[in-house]
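A look at the structure
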Amino acid sequence: MKIKKYIFICIPVILILVVLYYFLTAYRAEELDTWIGKYDYTETYEHNDVEGMAYVIDYEIIIFKIDGDYYAKLTGDGWFTQKRSLGYVKGDNNSINIYFKENMPGDSLYQNGIDRYEEGELLITLSYVGSELHTSWHALRDAFLTLRDIEGEIEGVYFEKDL
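Notes on the pattern of salt bridges
On inspection of all chains with the given rule, the structure shows 4 salt bridges. A salt bridge links Lys65 to Asp33; the nearest nitrogen and oxygen atoms lie 3.4 Å apart. Within this pair, whereas Lys65 is found in strand S2 (residues 54-66), its partner Asp33 is found in helix H1 (residues 2-33), the two being separated by 32 residues in sequence. Overall, Asp33 belongs to the partly exposed group, its relative accessible area being 30%.

Printed below as a string of structure tokens:
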């Protein structure tokens, strides 16, 4: 008799926990929807040999969702730069981390079968501080000529979200 009473109490409790987990998971997924879109950053630096000439490299992050999972396409185009990476996104509505998944067609290393980073390596963190979009550079900093030789953490306002 005690077992029936115990089962009668446990089943509703388990169902309630499952429903709560479902709603909390759905809520977290909706938080990441705020990040879906295109982010741009243009890096300009002077040419060493020609006064008044500058190199320009355009970087872009496109965040999208497929079957409840969030991904980022990271591209860099410009002077001696042809980078195409796919990453996956984890975080919440205030901050996200983008982790390397694989090189994509069009990347200068793609045809050689060489990955630019280790799978799962943290590339970049984007976070809102007030209304400003801050960038914390991790492994992705190696793709930026002006950032790769800086020691220590690099944080600041770089990318802007296209509206």
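There's plenty left to go through after this.
So, the environment of Gly120
Looking at the secondary structure, you find Gly120 in the loop between strand S5 (95-103) and strand S6 (122-129). For Gly120, a relative accessible area of 30% translates into the label partly exposed. Spatially, the C-alpha atom of Gly120 lies 8.9 Å from that of Ile98, the residues being 22 residues apart in sequence. With residues near it in sequence (within four places) discarded, Gly120 still touches Tyr88, Tyr99 and Phe100.

Points about the nonpolar core
Membership of the largest hydrophobic core comes to 30 residues, with the highest contact counts inside it found for Ile61, Ile98, Leu123, Ile124, Leu140, Phe144 and Phe159. For this core, the secondary structure elements donating two or more residues are strand S1 (37-46), S2, strand S3 (69-78), S5, S6 and strand S7 (132-137). The leading source of residues in this core is S2, at 5 residues. Discounting residues that sit within four places of it in the chain, Leu140 has contacts with Leu74, Tyr117, Leu123 and Ile124.

Concerning the environment of Gly78
Its place among the elements puts Gly78 in strand S3. Note: C-alpha distance between Gly78 and Tyr55 (23 residues apart in sequence) is 7.8 Å. Here Gly78 is in contact with Val56 and Ile57, once residues within four sequence places are set aside.

A short note on the sheet that holds S5
Strand order in the open sheet formed by 9 strands is S8-S7-S6-S5-S4-S3-S2-S1-S9, with antiparallel pairing between adjacent strands. Only two strands of the sheet have a single partner each, and these edge strands are strand S8 (154-156) and strand S9 (160-161). Note that S1 and S9 share 2 bridges and pair antiparallel. Across the sheet, residue Asp40 finds its bridge partner in S9, namely Glu160.

Quick look at the pairing of S1
Here S1 shows a buried face lined by Gly37, Tyr39, Tyr41, Glu43 and Tyr45 and an unburied face lined by Lys38, Asp40, Thr42, Thr44 and Glu46. The pairing of S1 with S2 spans 10 bridges and is classified as antiparallel. When the sheet's bridge partners are listed, Thr44 is paired in S2 with Val56.

What about the pairing of S5?
Summarising the sheet, strand S4 (residues 81-91) and S5 pair through 7 bridges and their orientation is antiparallel. Opposite Ser85, over in S5, you have Asn103 as the bridge partner. The antiparallel pairing of S4 with S5 creates a hairpin that spans 3 residues between the two strands. Relative to S6, S5 is paired through 5 bridges, and the arrangement is antiparallel. Pairing of Ile98 across the sheet is with Ile124, part of S6.

What counts and how
- The residue numbering used here restarts from 1 in each chain and proceeds along that chain's sequence as written.
- Selection of residues for local features in this predicted model requires a pLDDT of at least 70, selection of side-chain atom pairs for listing and counting requires 80 or more, and totals for whole chains, interfaces and linings are taken over all residues.
- The side-chain quantities take in all heavy atoms of the structure and omit both hydrogens and water.
- Within this document, salt bridges are pairs made up of a side-chain nitrogen of Lys or Arg and a carboxyl oxygen of Asp or Glu, the two lying within 4 Å of each other.
- Helix numbering and strand numbering both begin at the N terminus, where a helix is a DSSP run of H or I of at least 4 residues and a strand a DSSP run of E of at least 2.
- Accessible area is worked out with a 1.4 Å probe on protein chains only. A residue is then buried under 20% of its type maximum, exposed over 50%, and partly exposed in between.
- Residues are treated as being in contact if the distance between any of their heavy atoms lies within 4.5 Å.
- Residues belong to one nonpolar core when they are buried, are Ala, Val, Leu, Ile, Met, Phe, Trp, Tyr or Cys, and are joined through side-chain atoms within 4.5 Å.
- The pairing criterion for strands is at least two bridges between them, as found by DSSP.

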